[in-house]
Amino acid sequence: MAKKIAVEENLTGLRELLRKQGYTVVNPGGDENVLAMVITGLDNNTMNMQDITTKVPVIDAAGKTPDQVLARIKELE
């Protein structure tokens, strides 16, 4: 069974890379069991608090390449 990663829709390059690596990519906010959630940091509100509450690791992809994010995800496995 493939591991699921929640990734923001606008991170298309990362979504494709993860799919090629065998991951199942889903949108954040679902009730699915995911290994991690990848965001761009654009979901922060004016008080710099995350809009989505989750119990899984959240990876901020801002300023990172898809390969750097992938390396971080592999560290979580």
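Each remark here, short or long, concerns the structure printed above.
Attention in this report is confined to the structure presented alongside it. Please read these numbers as outputs of a predicted model, since none were measured by experiment. (Residues numbered from 1 in each chain as written. Predicted model: local features only at pLDDT ≥ 70, side-chain atom pairs only at ≥ 80, totals over all residues. Heavy atoms only, no water.)

Looking at helix 2 (residues 66-76)
Among all positions in helix 2, only Val 69, Leu 70 and Ile 73 are buried. In an axial view of helix 2, the angular spread of the buried residues amounts to 100 degrees, which keeps them on one side of the axis. Exposed and facing more than 90 degrees away from the buried side of helix 2 are Asp 67 and Glu 75. Residues of helix 2 that are buried in the fold lie against strand 1 (4-7), helix 1 (12-20), strand 3 (36-39) and strand 4 (58-60). (Buried < 20%, exposed > 50% of the residue type's maximum accessible area, 1.4 Å probe, protein only. Helix = DSSP H or I, 4+ residues; strand = E, 2+ residues; numbered from the N terminus. Arc of directions from axis to C-beta. Contact = heavy atoms within 4.5 Å.)

As for the environment of Lys 64
Here Lys 64 lies in the loop between strand 4 and helix 2. A relative accessible area of 42% places Lys 64 in the partly exposed class.

Focus on the nonpolar core
The tendency in soluble globular proteins is for nonpolar side chains to be buried as a group. The biggest cluster of nonpolar side chains holds 15 residues, and the ones touching the most others in it are Ile 5, Val 7, Leu 14, Leu 18, Val 38, Val 69 and Ile 73. Taken together, the elements giving at least two residues each to this core come down to strand 1, helix 1, strand 3 and helix 2. In terms of nonpolar packing, the next biggest core, distinct from the first, is built from five residues, Ala 6, Val 26, Val 34 and Ile 39 among them. (Core = buried A, V, L, I, M, F, W, Y, C linked by side-chain atoms within 4.5 Å.)

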